[in-house]
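Inside the fold
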Amino acid sequence: MARGMKGPAPARIYNEDCIQGMRSRLGENLVSVIVTSPPYNIGKGYRSYDDSKQPGAFLEWMDQVAAACHRVLEPKGSFFLNLGNKPSDPWWPLQVAARFRDGGFVLQNTIVWVKSIAISREEVGNHPGLVGDIAVGHYKPVNSRRYVNGLSEYVFHFTKGGDVELDKLGVGVPYQDKSNVSRWKAGGPDLRDRGNVWFIPYDTIRESRPHPCVFPVKLPEMAIRLHGVSKTKLVLDPFLGTGSTALACDRLRVDFVGFEIDPEYVRLSEESLRAQRETAAEYRSAHPETKYIPWDRLPRDVRGSCRESTATLD
Ligand SMILES: C[S@@+](CC[C@H](N)C(=O)[O-])C[C@H]1O[C@@H](n2cnc3c(N)ncnc32)[C@H](O)[C@@H]1O
């Protein structure tokens, strides 16, 4: 259950196949939020998993994943499915997402996760915070004359009935024009709906990357916040990788269960969790009133990596 200010929430991480794990370890309608990014079938170099199945076999496997996730999700739960864009096959993520629709899920929202963006001052106009043109965030450039660089990925928000109420201000953004606050809600918070475009850059890292495609910890954190932390009893990531969703849950103090077939990725997840907990405990003893640890006080996310292919596509 959600922990508020109590001790660290339990994280159960199993080194096993997610479909078997969900069947044997999780009951029906048990999970409040699923956040995950499955392998994408684009030939990524995972340690154990072969990311180059026949497309038909891959989609049939996704049908089984969809059925297993549907069984364990609460009737009013949220399922955030992150799928990258493949420049040479732009229909692929939509084809994969359609299998989850066929498996009984309703697409309630489509969020675009932006990893990098260029903003020209000329377009924005006279904005006090913007002194010139900016280009922020990281991505791997695509080596192609046909395809532009992929700077975004999908996060499909599935629910069972399309009618799940969200905590939109849980990921809200402050009003730019403060007069809007009183206009919209007398005395309400200085926050508005963020909308469906989330800019979440990767950390810059120099170390070699232990996993070919992780998402930043902030992505699952924002997904859980959008669903609503206070009503989140248990979060699941069936394809845990190196532990982003477990780290987000630890930070939000909600219970977590995850599956990952590679033992080294499991070890890295547990190591990152331990490091985060040590830093958090030090911070909390110095700031006992703290509910959430500021991001800049947590260990840096050294696992960040981009999903785009660098292969020549032309
Ligand atoms: C795209 S990665 C997930 C990365 C993760 N979101 C992160 O931030 O670290 C997909 C992961 O699924 C794992 N995997 C592949 N088949 C699996 C299976 N049948 N059960 C559980 N995990 C599996 C792969 O080893 C890989 O680490």
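Nothing here was measured: the structure is a model prediction, and the numbers come from that model. (Residues numbered from 1 in each chain as written. Predicted model: local features only at pLDDT ≥ 70, side-chain atom pairs only at ≥ 80, totals over all residues.)

With that settled, the discussion passes to the overall build of the chain. Counting its secondary structure elements, the chain contains eight helices and ten strands. Across the 314 residues that make up the chain, the buried fraction comes to 33%. Taking the contacts inside the chain whose residues are at least 6 apart along the sequence as the reference set, 75% of them involve residues at least 24 apart. (Helix = DSSP H or I, 4+ residues; strand = E, 2+ residues; numbered from the N terminus. Buried ≥ 20, exposed ≤ 12 C-beta atoms within 10 Å, placed from the backbone. Contact = placed C-beta atoms within 7 Å.)

Near the ligand there are 21 residues, and of these Cys18, Val214, Phe239, Gly241 and Ser244 occur at the shortest range. Residue composition of the shell around the ligand, by class: twelve nonpolar, six polar and three charged. (Near = placed C-beta within 6 Å. Nonpolar A, V, L, I, M, F, W, Y, C, P; charged D, E, K, R; others polar.)

In terms of burial, helix H7 (residues 244-252) is largely enclosed, as nine of its nine residues are buried. Those residues of H7 that fall on the buried side of the exposure criterion are Ser244, Thr245, Ala246, Leu247, Ala248, Cys249, Asp250, Arg251 and Leu252. Where H7 is buried, its residues contact strand S1 (11-14), strand S2 (31-36), helix H6 (218-227), strand S9 (234-237), strand S10 (255-259) and helix H8 (263-286). Looking one or two residues beyond H7, the residue adopting positive phi is arginine 253, at roughly 65 degrees.

Okay, the nonpolar core next. The biggest cluster of nonpolar side chains holds 55 residues, and the ones touching the most others in it are Val31, Ile34, Phe79, Ala223, Ile224, Val235 and Cys249. Sequence-distant contacts of valine 235, that is, excluding residues within four places in its chain, are made with Ser32, Val33, Val35, Ile224, Thr245, Cys249, Val254 and Phe256. (Core = buried A, V, L, I, M, F, W, Y, C linked by C-beta atoms within 7 Å.)

Right, let's talk about the environment of glutamate 153 for a bit. In this fold, glutamate 153 is placed in strand S7 (residues 152-159). Under the C-beta neighbour-count criterion, glutamate 153 is labelled buried, with 24 such atoms within 10 Å. Through-space distance from the C-alpha of glutamate 153 to that of asparagine 82 is 7.1 Å; in sequence the pair is 71 residues apart.

With that out of the way, let us pick up the sheet that holds S1. Adjacent strands of a sheet form backbone hydrogen bonds with each other and so pair up, either parallel or antiparallel. What the eight strands build is an open sheet, ordered S1-S10-S9-S2-S3-S7-S4-S8; its pairing is mixed. Each edge of the open sheet carries a strand with a single partner, namely S1 and strand S8 (197-199). On average, each strand axis in the sheet is tilted by 20 degrees relative to the strand beside it, whichever way the strands run. As judged from the five bridges shared by S2 and strand S3 (residues 73-84), these two strands associate in the parallel manner. Along S3, the bridge assignment pairs valine 35 with phenylalanine 80. Strands in contact with H6 are S2, S3, strand S4 (106-114), S7, S8 and S9; relative to S2, the strand with the most contacts, it is inclined by about 150 degrees. Seen against the sheet, H7 touches S1, S2, S9 and S10 and runs at an angle of roughly 175 degrees to S10. (Pairing = 2+ DSSP bridges. Axes fitted to C-alpha atoms, helices over the stretch in contact; angles between N-to-C directions.)

When pLDDT is averaged across the chain, the result is 86; 85% of the residues are at 70 or more. Scored below 50 in pLDDT, residues 1-5 makes 13 contacts in the model with residues more than four places away or belonging to other chains. (pLDDT = per-residue confidence, 0-100.)

This part is about the environment of aspartate 193. Looking at the element boundaries, aspartate 193 is found in the loop between helix H5 (179-184) and S8. Taking C-alpha positions, aspartate 193 is 6.0 Å from leucine 169, a pair spaced 24 residues apart along the chain. With sequence-adjacent residues up to four places away left out, aspartate 193 is seen in contact with Lys168 and Gly172.

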